Amino acid sequence: MTITGAWQRTARGAGLLAADGSVTASIFAEMSALAMRTGSINLGQGFPDEDGPAEVLEAARQAIADGVNQYPPGRGDPILLDAISRHQLRFYGLTVDPATEILVTAGATEALAATILALLEPGDEVVTFEPFYDAYGGLIALGGGIHRTVPLHSPGFQPEESELRAAVSDRTRLILINNPHNPTGTVFSTETLALIVELAHRHNALIVTDEVYEHLTFGVPHIPITTLPGAAERTITISSAGKTFNTTGWKIGWLSAPAPIVTAILAVKQFLSYVNGAPFQPAIARGLDLPDSFYTGIATDLAAKRDVLAEGLRTAGFEITVPQGSYFIVADAQSLGYAEGAEFCRALPELAGVVGVPLSAFTSPDHRHRYASLVRFAYCKRVEVLEQAATQLAGLSAR
């Protein structure tokens, strides 16, 4: 018996559908299993190996002790909604109504899923940059959409204006951007953001912006696209607590948008997770109110970790693109004689006891060749882990 439907569209959109119709394991699962099997340092997955701020962890423990263990309100705990509103005003000068213009979600991925499912009609087009975070393709396919991509060009991973203009048309329903960008670590210029707003107005499209790395930029400011003239009326801004507070397992995310758009997304979201993370919501509210020194500190610390890994990769012989934000750095395996990043990643545990992920995992089949030799490494790990990885990678230069 052949089973078809939404699962097949999603698997195809995520690049996980084999020629015989079976679903294959993702490269992320494959590389993580390889790291465990070989005892290698796993720089493939983007999660920290250190706990977040003590104040946030203690707030969660206190909430559990205080009995905050049942369903929270559908839009989110008012304590967190108010904290998100204060955060947007404090950092970006945005006035967001906590009662009508914010929705708490089960991480940014659910925010993306609910948004796409709520706003997309079958056959609508969604434009993203490429490489793209792997969930985008699957979610667009699940919503019955058509995925159009705009390539980011190495080095620097910025788009060309002509290619962005060509990709957006009257068929475009959503322009979905990830800034700072995973997997490349680029931060898009104000000119690129302004062009997106211009195109959204010209073609009556909505902008969905995934900003989970908003506080993790290095030497460049994070500019939410919704702060640009003409953007707020048509922008859904998505973020989460996991990357900022080292609490990726808590899955507390949120979105903000004009009230009618939030209401439409809520209509879908209530049939996904319904609600989640009751004791974690006031804990994240506590985190959002931490002083400026916390926010500058996490970016400074992460930049230092980036530099440790970057130096190790250079010593190993890689050509690299130094990221402006996020958890990730891109290295070119071509300089070590590997034309295929996937082949290199499968060999790297034996060569150096380190695991990365090929950038081809973040691309569509038609454009995979553009990024074939590139590999993504995560530097959101303890300094001693990165130093050990750098030492092991340095051995590649002697081969």
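Position numbers for residues count from 1 along each chain, tracking the sequence in the order it is written. Thresholds applied to this predicted model are a pLDDT of at least 70 for local features of residues and 80 or more for the giving and counting of side-chain atom pairs; totals over whole chains, interfaces and linings are not thresholded and use all residues. Excluding hydrogens and water, the side-chain figures rest on all heavy atoms present in the structure.

Here we look at the state of the cysteines
Step number 1: Two cysteine sulfurs form what is called a disulfide whenever their separation falls within 2.5 Å. In total, this model carries 0 disulfides according to the counting rule given.
Step number 2: Of all cysteine sulfurs in the structure, the one in Cys380 sits closest to Cys345, which takes part in no disulfide; the separation is 16 Å.
Step number 3: With a 1.4 Å probe rolled over the protein chains alone, any residue whose accessible area is under 20% of its type maximum counts as buried; one over 50% counts as exposed, and the rest are partly exposed. Residue Cys380 is classed as buried on the basis of its relative accessible area of 4%.

Here's the deal with empty space enclosed by the protein
Step number 1: The pocket and cavity definitions rest on a 1 Å grid over protein atoms only: a 1.4 Å probe that fits but cannot leave marks a cavity, an open set with protein on both sides within 12 Å along at least five of seven lines marks a pocket, and residues lining either have an atom within 4 Å of a point. Grid points are joined across faces, edges and corners, and a volume is the space filled by probe spheres set on the points. Tallied over the full model, the rule gives 3 cavities of 30 Å³ or more.
Step number 2: Counted as a void, the largest cavity has a volume near 60 Å³.
Step number 3: In this structure, the largest cavity is lined by Ile84, Gln88, Tyr92, Glu211, Glu214, Pro224, Thr237, Ile238, Ser239, Trp254 and Ser256.
Step number 4: Secondary structure elements are defined from DSSP: runs of H or I of at least 4 residues count as helices, runs of E of at least 2 residues count as strands, and each element is numbered from the N terminus. Those elements that place two or more of their residues in the lining of the largest cavity are helix H4 (78–92), strand S7 (235–240) and strand S8 (253–256).
Step number 5: Gly counts as polar in this scheme, as do all residues outside two lists: the nonpolar Ala, Val, Leu, Ile, Met, Phe, Trp, Tyr, Cys and Pro, and the charged Asp, Glu, Lys and Arg. Across the lining of the largest cavity, the residue classes tally to 5 nonpolar, 4 polar and 2 charged.

Describing the packing of helix H2 (residues 27–38) against helix H13 (residues 341–352)
Step number 1: Convention adopted: a line fitted to C-alpha atoms gives each axis, helices being fitted over their contacting stretch, and angles between N-to-C directions are expressed from 0 to 180 degrees. The N-to-C vectors of H2 and H13 enclose an angle of 10°; their axes lie 10 Å apart at closest approach. Comparing their axes, H13 and H2 come out roughly parallel. The interaxial crossing formed by H2 with H13 has right-handed handedness. Between H2, through Ile27, Glu30, Met31, Leu34 and Thr38, and H13, the contact on the second element is made entirely by Cys345, Arg346 and Pro349.
Step number 2: Tallied by class, the residues present in the contact of H2 with H13 amount to 5 nonpolar, 1 polar and 2 charged. In these notes the angle categories are as follows: under 35 degrees is roughly parallel, over 145 is roughly antiparallel, 65 to 115 is roughly perpendicular, and the rest is oblique. What makes a crossing left-handed is the near helix being turned counterclockwise from the far one by less than a right angle; a clockwise turn instead makes it right-handed. Two residues qualify as a contact provided that any one of their heavy atoms is within 4.5 Å of a heavy atom in the partner residue.

Brief notes about the UniProt feature "domain: Aminotransferase class I/classII large" (unreviewed entry) in the protein chain
Step number 1: UniProt tags residues 41–388 as "domain: Aminotransferase class I/classII large" (unreviewed entry).
Step number 2: Within the segment residues 41–388, helix and strand shares are 39% and 16% respectively, and the terminal C-alpha atoms sit 9 Å apart. UniProt positions are given in the numbering used here, feature names are shortened, and annotations may be inferred rather than shown by experiment.

Comments concerning the nonpolar core
Step number 1: Membership of the largest hydrophobic core comes to 121 residues, with the highest contact counts inside it found for Ile236, Phe245, Ile284, Leu288, Phe377 and Leu393.
Step number 2: Residue contacts for Leu393: discarding those within four places in its chain leaves Leu309, Gly312, Leu313, Ala316, Leu348, Ala352 and Val354. To define a nonpolar core, start from buried Ala, Val, Leu, Ile, Met, Phe, Trp, Tyr and Cys residues and group those joined through side-chain atoms within 4.5 Å.

Section: the packing of helix H12 (residues 292–316) against helix H14 (residues 383–394)
Step number 1: Here H12 crosses H14 at 5°, and the two axes come no closer than 8 Å. As far as their axial angle goes, H14 and H12 are roughly parallel. Contacts between H12 and H14 involve Lys305, Val308, Leu309, Gly312, Leu313, Thr315 and Ala316 from the former and Val383, Leu386, Glu387, Ala390, Leu393 and Ala394 from the latter.

Considering the pattern of salt bridges
Step number 1: The salt bridge definition used is simple: a Lys or Arg side-chain nitrogen within 4 Å of an Asp or Glu carboxyl oxygen. Within the structure shown, the criterion is met by 16 salt bridges.
Step number 2: The salt bridge partner of Asp49 is Arg382, with a shortest N-O separation of 3.3 Å. In this pair, Asp49 is assigned in the loop between strand S1 (41–42) and helix H3 (54–65) and Arg382 in the loop between strand S13 (374–378) and H14, connecting sequence segments 333 residues apart.
Step number 3: Residue class for Asp49 comes out partly exposed when judged on its relative accessible area of 28%.
Step number 4: One salt-bridge network, held together by shared partners, links Glu161, Arg165, Glu198 and Arg202.

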